[in-house]
Amino acid sequence: MAQVDTDTMTLTRFVLTEQKKVPGATGELTQLLNAMCTAIKAVSTAVRKAGIAKLHGMAGASNIQGEDQHKIDVIANKLFINMLRSSYTTCVLVSEENENIIEVETDHQGKYVVSFDPLDGSSNIDCLVSIGSIFSIVKKKSEGQPGLPDALQPGNQIVAAGYALYGSATMVMLSTGQGVNGFMLDPSIGEFLLTERNVKIKPRGKYYSINEGYSQYWDEATKEYVNMKKFPKEGNPYNARYIGSMVADVHRTIMYGGIFVYPAHKKAPKGKLRLLYECNPMAYLVEQSGGIASTGTKRVLDIEPESIHERVPIVLGSPEDVNEYLECVKRHQS
């Protein structure tokens, strides 16, 4: 008879345990994370049966970024919005797919603001490459009716952040400010189980992750750094790994070490990735695991957002690798 774990640490149980460590905790964040997990389970199911249910392909519309929406993007966005709205814990939502903030109905409002990318890397879904969802949570800061200022908070105000990876399995990486933990979905019981406790990124890795198709547009610092990794004066060159789904690339970077870079360049002078629902949550998780996340000139989590879809350059990963990149930047600035 197969052994059955009769004392499993589910994500909900883990968060409840952490909640007990915080004096005055109301349980509202736990309730919100439960709603988030329900949305992630539903998206995971939709992703896995997308081909059979004919959810591959385009929806025939564009999002606010000017990017073509896939059918599964639209479904994932609706799932997240509906689950978060009905959780009675949120007051403002920011989605990659919506031009403006989403204000939750007054009788459903709670104290949290959630920024999310409902399906990152969805252009890869038709060829079955790993994709994911990203989110960050902050507390409402204004008195009275919530609004845009509540969404435009720097990453250093985040109370929880995470991502879901839909790959060979579905996994949630989560931090509530006391390190990073990984939970894998067990489809037999429909629960996320703790499988990676207190994840720490390596001081140095052997992988670099960057879209080299844009190398002709890079600044000199980025060109120098990548050449250092490809043609080292001593030792082995780094291995190039670039999937094109931020969740998959960052997850590998956290688990194996190394560096992920999406710099500003001539075609994207402000960078490409969005601050509130891509860079901030990933920077938070990387820092919580012992890594560094920077724009190249400043800490990502210290940026004061000016708009909900603001773009920034980002470099994150193992501290020794990121510091090497930052040294290249300083040399070319002097």
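Scroll up for the structure.
The following refers to the structure shown. Keep in mind it's a predicted model, so treat the numbers as computed, not measured.

Considering the packing of helix α1 (residues 11-19) against helix α2 (residues 28-48)
For the pair α1 and α2, the least separation of the axes is 10 Å and the interaxial angle reads 165°. With respect to α2, the axis of α1 lies roughly antiparallel. Relative to α2, α1 is oriented so that their crossing is right-handed. Across the interface between the two elements, L11, T12, V15, L16 and Q19 from α1 touch T30, L33, N34 and C37 from α2. By residue class, the composition of the contact of α1 with α2 is five nonpolar, four polar and no charged.

Concerning helix α3 (residues 71-85)
Think of an α-helix as 3.6 residues a turn; residues three or four steps apart then line up on the same face. Between its terminal C-alpha atoms α3 stretches 22 Å, which fits the 21 Å expected from 15 residues at 1.5 Å a residue. For α3, the full list of buried residues reads I72, D73, A76, N77, F80, I81 and L84. Summarising the axial view, the buried residues of α3 lie within an arc of 160°, below the 170-degree limit, and thus occupy one face.

Some thoughts on the pairing of strand β15 (residues 314-317)
Neither face of β15 is left uncovered, since the one carrying I314 and L316 and the one carrying V315 and G317 both have all their residues buried. Sheet analysis places strand β13 (residues 259-262) next to β15, joined by four bridges and oriented antiparallel. Bridge assignment links Y262 to a residue of β15, and that residue is I314. Bridge analysis of strand β14 (residues 292-294) against β15 gives three bridges, and the strand direction is antiparallel. Counted as the bridge partner of A293 is L316 from β15.

Looking at the sheet that holds β15
Each strand in a sheet pairs with its neighbour through backbone hydrogen bonds, running either in the same direction (parallel) or in the opposite one (antiparallel). In space, the five strands of this open sheet follow the order β12-β11-β13-β15-β14, with mixed pairing throughout. Either end of the sheet is taken by a strand with one partner, and the two such strands are β12 (239-240) and β14. Direction of pairing for strand β11 (residues 207-209) relative to β13: parallel, over a ladder of two bridges. Within β13, the position partnered with Y208 by the bridge is I259.

What counts and what doesn't
- Residues numbered from 1 in each chain as written.
- Predicted model: local features only at pLDDT ≥ 70, side-chain atom pairs only at ≥ 80, totals over all residues.
- Heavy atoms only, no water.
- Axes fitted to C-alpha atoms, helices over the stretch in contact; angles between N-to-C directions.
- Helix = DSSP H or I, 4+ residues; strand = E, 2+ residues; numbered from the N terminus.
- Parallel < 35°, antiparallel > 145°, perpendicular 65-115°, else oblique.
- Left-handed = near helix turned anticlockwise from the far one by under 90°.
- Contact = heavy atoms within 4.5 Å.
- Nonpolar A, V, L, I, M, F, W, Y, C, P; charged D, E, K, R; others polar.
- Expected span 1.5 Å × (residues − 1).
- Buried < 20%, exposed > 50% of the residue type's maximum accessible area, 1.4 Å probe, protein only.
- Arc of directions from axis to C-beta.
- Pairing = 2+ DSSP bridges.

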